[in-house]
Amino acid sequence: MTTVAAYAAPAPKAPLERTVIERRAVGEHDVLIDIEFAGICHSDIHQAQDGWRPGTFPMVPGHEIAGVVSEVGSGVTRYAVGDRVGVGCMVDSCRECDNCKAGQEQYCSTGGVVWTYNSVGKDGEPTYGGYSQKIVVDENYVVRVPDALPLDVAAPLLCAGITTYSPLKHWNTGPGKKVAVVGLGGLGHMGVKIAHALGAEVTVLSQSLRKKDDGIKLGADHYYATGDPATFEELAGTFDLILNTVSAPLDFAAYLSLLRTDGTMVNVGLPEEPVQIVLQSLFGNRRSLSSSGIGGIAETQEMLDFCAEHGLGAEIELIRADQINEAYERVQASDVRYRFVIDTATI
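Residues numbered from 1 in each chain as written. Predicted model: local features only at pLDDT ≥ 70, side-chain atom pairs only at ≥ 80, totals over all residues. Heavy atoms only, no water.

1. Focus on the overall build of the protein chain
(1) Moving on: Along the protein chain, the regular secondary structure elements total eleven helices and 17 strands.
(2) Moving on: Expressed as lengths along the three principal axes of its C-alpha atoms, the size of the protein chain is roughly 60 × 40 × 35 Å.
(3) Moving on: Considering only intrachain contacts with a sequence separation of at least 6, the fraction spanning at least 24 residues in the protein chain is 66%.
(4) Moving on: When the accessible area of the protein chain is evaluated, it comes to approximately 14,500 Å², of which 49% is carbon and sulfur surface.
(5) Moving on: For the protein chain, the centre of its 27 positive side-chain charges and the centre of its 44 negative side-chain charges are spaced 3 Å apart. (Helix = DSSP H or I, 4+ residues; strand = E, 2+ residues; numbered from the N terminus. Contact = heavy atoms within 4.5 Å. Areas by Shrake-Rupley, 256 points an atom, 1.4 Å probe, with all protein chains shown as cover. Lys, Arg positive; Asp, Glu negative; His and termini not counted. Charge placed at Lys NZ, Arg CZ, Asp CG, Glu CD.)

Now the structure itself:
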């Protein structure tokens, strides 16, 4: 066992505070990672505040982890000390079901996914995330960060990157396709970058035009304010794919009207409240409403390699660990462009 410093929420909705946690001893197939950077995802806030379901406390959030391998188990073959690596939203799964065998571990059909934090490991112990100095993870749930990606801008890719890359690839984003990204935040800004790199014509749909200049610089071809009713009239029947990255309830009928025949609206943001769907809005033009959850380990590696090839990193604001609570408030106020990243040397 190794004792390391971390930042944890001691109870639901409580401010995060510095503490110490125990990491398991390095097993045969484990790697010990010295965490250098950890992104702050909106889902960290949802979970620390019990927004989605009752959590396990104290809770150490963080599933956008980038660091360097400092120790490996005797059976490790994929990594060596000194390798630059990342850990995303999960650290284990059943490994035996059809989804796991197909590289879709995030959809483990036995319910065997072990999330990076706010979960229970196969050893029966709670999992603690990346707001800490070190983490021990099975090598099969670790990915390699290409040398072309600085670790600080790579960290958010372990959630924000794969969460947008996976649906964009699944729904065949590329030249000739028109893609709308709803929301220009931590997820949305990566969605714009990746969709543009894949060759699609990209439109940002945001509440206002406040971030229009940013959106165009990130790769958007068009930028519309959804607060203007004329937007929905002008863009009716336009898009092959709408990637909804916001975690607030929307008027889904209005957004679905923007899809062309056989178009899909895929949701990667998860509201805390139930949402209502008017089924009639799907009937016209054979529209589909779907969702997507992160990506498998192999696809996460594919995403990192793609981002390295195209020079795509997250737009970040680097913070000290003692600024986490302030950062949470700013995320909730949409006051970040576009991802807070903790310098874990300050923990």
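Okay, back to it.
2. Thoughts on the pattern of salt bridges
(1) Moving on: Using the criterion set out here, one finds 15 salt bridges in the structure.
(2) Moving on: A salt bridge links D34 to K134; the shortest N-O distance between them is 2.6 Å. Taken together, the positions of D34 in strand β3 (residues 30–39) and K134 in strand β8 (residues 134–138) put the pair 100 residues apart, joining distant regions of the chain.
(3) Moving on: Under the relative-accessibility criterion, D34 is labelled partly exposed at 26%. (Salt bridge = Lys/Arg side-chain N within 4 Å of Asp/Glu carboxyl O. Buried < 20%, exposed > 50% of the residue type's maximum accessible area, 1.4 Å probe, protein only.)

3. Structural notes on the environment of A180
(1) Moving on: Relative to the elements of secondary structure, A180 occurs in strand β10 (residues 178–182).
(2) Moving on: Along the primary structure A180 and Y117 are separated by 63 residues, whereas in three dimensions their C-alpha atoms are 31 Å apart.

4. A look at the nonpolar core
(1) Moving on: Counting residues in each nonpolar core, the largest one holds 68 residues, and the members touching the most others are V142, L149, L168, V192 and I194.
(2) Moving on: Here this core gets six residues from one element, more than from any other, and that element is helix α10 (residues 297–310).
(3) Moving on: In contact with V142, other than residues within four places in its own chain, are V31, I33, Y79, V85, G86, V87, V137 and I297.
(4) Moving on: Core analysis: the next-biggest nonpolar cluster, separate from the first, contains 27 residues, A8, I40, I324 and I347 among them. (Core = buried A, V, L, I, M, F, W, Y, C linked by side-chain atoms within 4.5 Å.)

5. Brief notes about the UniProt feature "domain: Enoyl reductase (ER)" (unreviewed entry) in the protein chain
(1) Moving on: Those residues carrying the UniProt feature "domain: Enoyl reductase (ER)" (unreviewed entry) are residues 14–342 in this numbering.
(2) Moving on: Each end of residues 14–342 is marked by a C-alpha atom, and these two atoms are 19 Å apart; helix forms 25% of the span and strand 25%. (UniProt positions renumbered as here; feature names shortened; annotations may be inferred.)

6. Regarding the sheet that holds strand β13 (residues 239–244)
(1) Moving on: Pairing is parallel across the open sheet formed by six strands, whose spatial order is β12-β11-β10-β13-β14-β15. Across the chains shown, the open sheet's two edge strands, defined by having one partner strand only, are β12 (222–225) and β15 (288–291). Pairs of neighbouring strands in the sheet enclose a mean axial angle of 20°, with direction left out of account. (Pairing = 2+ DSSP bridges. Axes fitted to C-alpha atoms, helices over the stretch in contact; angles between N-to-C directions.)

7. What to know about the environment of G103
(1) Moving on: Mapped onto the elements, G103 comes out in the loop between α2 (98–101) and β7 (114–115).
(2) Moving on: With 18 residues separating them along the chain, G103 and G121 place their C-alpha atoms 20 Å apart.
(3) Moving on: Sequence-distant contacts of G103, that is, excluding residues within four places in its chain, are made with G296 and I297.

8. Quick word on helix α5 (residues 186–197)
Quick reminder: α-helices carry 3.6 residues per turn. Residues three or four places apart thus point the same way.
(1) Moving on: Compared with the 16 Å implied by 1.5 Å per residue over twelve residues, the 17 Å span of α5 between its first and last C-alpha is a close match.
(2) Moving on: The element α5 is extensively covered by neighbouring structure, given that ten of its twelve residues are classed as buried.
(3) Moving on: Every buried residue of α5 is listed here: G186, L187, G188, H189, M190, G191, V192, K193, I194 and A195.
(4) Moving on: At the exit of α5 stands G199, carrying a positive phi of roughly 100°. (Expected span 1.5 Å × (residues − 1).)

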